[in-house]
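Per-entry structural report
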Amino acid sequence: EAGVAQSPRYKIIEKRQSVAFWCNPISGHATLYWYQQILGQGPKLLIQFQNNGVVDDSQLPKDRFSAERLKGVDSTLKIQPAKLEDSAVYLCASSLRGAGADTQYFGPGTRLTVL
Amino acid sequence: TQLLEQSPQFLSIQEGENLTVYCNSSSVFSSLQWYRQEPGEGPVLLVTVVTGGEVKKLKRLTFQFGDARKDSSLHITAAQPGDTGLYLCAASNDYKLSFGAGTTVTVRA
């Protein structure tokens, strides 16, 4: 079974530029998550989708971050414009149902460096 | 939002030694998960504990959930270099996972 795919794996941009990340979840998984992991910290949930609807985006900085999950499968996360403090690893995860104890499967992440 | 505190932040031991990492909160969890994350990879689930006082074993790893469901520990017996990684605990209520900052474990050969 293929895992969660993410691209690109690395991205370096200058502040105020835009960037987009892509995620393809495990086939059949209804729930998709985007996390931000700053160096030395645990992952922080940015947004959770159930199929193509948003369940939780309370920690998403909506003035600069946006995410969509068209057709309930792939998802993109965009930052526009980027700030220095956005430097982090962006992890995508998926789970079958989205219940709290449900197993989340993580992709390898995209490491973003903002200069 | 639950605040999970993990300790220690860093741990470096020799192969064959034992180690314990801790995860604590002032809040009660409905369930708690432990993950291991290797450099350049996403976290991988090791175990989920849901019952207060529960003990689960996974080969050389022993996971314990506190009776009051506010704390948990992970004990590794006879650590090996392959155990090196970032160990994260994550608490869940309803649909949301909240992660601790992790313990970086290095096992020297």
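Just above, that's the structure.
Remember, it's a predicted structure, so these values are computed and weren't measured experimentally.

Let's talk about the overall build of chain B
- Looking only at helices and strands, chain B features 0 helices and 11 strands.
- Order of helices (α) and strands (β) in chain B, N terminus to C terminus: β-β-β-β-β-β-β-β-β-β-β.
- The C-alpha atoms of chain B give 13 Å as radius of gyration, which agrees with the globular expectation for 109 residues (13 Å, within 12%).
- Its C-alpha atoms put chain B at 40 × 30 × 20 Å along the principal axes.
- The 109 residues of chain B split such that 44% are buried.
- Within chain B, contacts between residues at least 6 apart in sequence are counted, and of these 53% link residues at least 24 apart.
- Of the side-chain charges in chain B, 9 are positive and 10 negative, and the distance between the mean point of each set is 3 Å.

Some words on the side chain of A:Asp86
- Mapped onto the secondary structure, A:Asp86 falls in the loop between β8 (75–79) and β9 (88–95).
- The contacts of A:Asp86, once residues within four sequence positions are left out, are A:Gln36, A:Arg64, A:Phe65, A:Ile79, A:Pro81, A:Leu112 and A:Val114.

Describing the state of the cysteines
All names here are of chain A.
- A complete count under the given rule lists 2 disulfides over all chains for this structure.
- A disulfide bridge connects Cys-23 with Cys-92, and the sulfur atoms are separated by 1.9 Å. Residues Cys-23 and Cys-92 are joined by a disulfide whose S-S torsion is about -70 degrees; by sign, that bridge is left-handed. A residue pair is termed long-range when its members are at least 10 positions apart, and Cys-23 in strand β3 (residues 19–24) and Cys-92 in strand β9 qualify at 69 residues.

Definitions and cut-offs
Every chain is numbered on its own, with residues counted from 1 as its sequence reads. Labels are handed out in written order, letters beginning with A for the chains and numbers beginning with 1 for the ligands. Reporting of local features is limited, given that this is a predicted model, to residues whose pLDDT is at least 70; pairs of side-chain atoms are given and counted only at 80 or more, and all residues count toward the totals for whole chains, interfaces and linings. Remark: hydrogens and water are excluded; side-chain values derive from all non-hydrogen atoms of the structure. A run of DSSP states H or I qualifies as a helix once it reaches four residues; a run of E qualifies as a strand once it reaches two. Both are numbered from the N-terminal end. C-alpha atoms define the radius of gyration in this analysis, and the globule rule sets the expected value at 2.2 Å times the number of residues to the power 0.38. Each residue gets one of three labels from its accessible area relative to the maximum for its type: buried under 20%, exposed over 50%, partly exposed in between, using a 1.4 Å probe on protein chains only. Whether two residues are in contact is decided by their heavy atoms: any pair within 4.5 Å suffices. Think of it this way: Lys and Arg go in the positive column, Asp and Glu in the negative one, and His and the chain ends go nowhere. Here the site of a charge means NZ on Lys, CZ on Arg, CG on Asp, or CD on Glu. Count a disulfide wherever a pair of cysteine sulfur atoms falls within 2.5 Å.

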